[in-house]
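The primary structure of each chain is shown beneath.
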Amino acid sequence: MARITASVYTSHVPAIGAAMDLHKTQEDYWKPVFAGYDFSRQWMKDNTPDVVFLVYNDHATAFNLDLIPTFAIGTAAEFRPADEGWGPRPVPKVIGHPELASHIAQSVIQQDFDLTIVNRMDVDHGLTVPLSLMCGELDPVRDAWPCPVIPFAVNVVQYPVPSGRRCFALGQAIRKAVESFDEDLNVHIWGTGGMSHQLQGARAGLINRAWDNAWLDQMISDPVGCANVPHIDYVREAGSEGIELVMWLIARGAMADVNEGKATGPQPRVVHRFYHVPASNTAVGHLILENA
Ligand code: DHB
Ligand code: FE
């Protein structure tokens, strides 16, 4: 059967993608950001999964105010990097896994989460920046991402957005779905977005290091408590775009210590943890957890 063995969490700041695409990663400003991912790139090479289930948010690229799916699963054979106004990023196209994605859709919908099924979409920085951070610079034509990717888009842009609690429960349903797929596949689940940032309004530029790090501690060791953090706390403490962090709880809910809403099993191993300010207007957070 298929199994989730590890989860990866990372911010997806678009300026990070631009720094890579414009070969600025060794500049003083960017060097410490990318240094935090040296370990991760080697880990990804040493532990390449068969499939990445990548939880991210679309930023009015594939969806807009005409159509706002709360949870959308990409079932296509491939996904093109989107044009977000500066042309598509020069990165390889994303190869999907239609069989596993369709199976997860079937299983998760039967577990009472009503997913939107997306058979065609382009993927923006929310998905391509985490891939670039974890996999390094790749030629858009000659190279390929190291494995197929199932994009899973969450609405955290237009209210009402889903609660952390709902995301955490969904992660548990996704793990059940993966474990009922009848093929030996090693699957990693990624939660992306965050950490504290606010891109608009009077508090634009807000960063809250203390809150971010306390949230990371709790996400690791008390995921049930973390899942119960209300929206208003994210917005008040981590800024309006800090709400992206609820997506990390989908990946955390899919880890093996969580069963029937409780974290009773052995806590996952923290194999890497990184936090840095600033990257553009944002705090960057990153974790890799392996099942114990
Ligand atoms: C920015 C955009 C994002 O989507 C994000 O999560 C962080 C930063 C930006 O435009 O700087
Ligand atoms: Fe974002």
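Data block above holds the structure.
Described in the following lines is the structure provided in the data block. (Residues numbered from 1 in each chain as written. Chains lettered and ligands numbered in written order. Predicted model: local features only at pLDDT ≥ 70, side-chain atom pairs only at ≥ 80, totals over all residues. Heavy atoms only, no water.)

1. Here's the deal with the coordination of the iron ion (ligand 2)
Part 1 of the argument: Here the iron ion (ligand 2) is held by the protein donor atoms His 12 (NE2), His 59 (NE2) and Glu 244 (OE), which lie 2.0 to 2.2 Å from it.
Part 2 of the argument: Each donor residue of the iron ion (ligand 2) lies on one chain, and together they are spaced H-x46-H-x184-E. On the criterion of sequence distance, the pair formed by His 12 in the loop between β1 (3-10) and α1 (14-21) and Glu 244 in the loop between α9 (231-238) and α10 (248-253) is long-range, its members being 232 residues apart.
Part 3 of the argument: Judged by relative accessible area, which is 3%, His 12 ranks as buried.
Part 4 of the argument: On the basis of relative accessibility, which here comes to 4%, the residue Glu 244 falls in the buried class. (Donors = N, O, S within 2.8 Å, 3.2 Å for Na, K, Ca; no water. Helix = DSSP H or I, 4+ residues; strand = E, 2+ residues; numbered from the N terminus. Buried < 20%, exposed > 50% of the residue type's maximum accessible area, 1.4 Å probe, protein only.)

2. Focus: the pairing of strand β13 (residues 282-290)
Part 1 of the argument: Taken across its 9 residues, β13 has 9 buried, putting it largely inside the fold.
Part 2 of the argument: Burial along β13 is two-sided: the face carrying Thr 282, Val 284, His 286, Ile 288 and Glu 290 and the face carrying Ala 283, Gly 285, Leu 287 and Leu 289 are both buried.
Part 3 of the argument: Bridge count for β1 against β13 is 5 bridges, and the pairing is antiparallel. Of the residues in β13, the one forming a bridge with Val 8 is Ile 288.
Part 4 of the argument: With 8 bridges joining them, strand β12 (residues 269-279) and β13 adopt antiparallel strand pairing. What sits directly across from Arg 273, in β13, is Leu 287.
Part 5 of the argument: A loop of 2 residues connects β12 with β13, the two strands running antiparallel in sequence, and Ser 280 in this loop sits at a positive phi of about 55°. (Pairing = 2+ DSSP bridges.)

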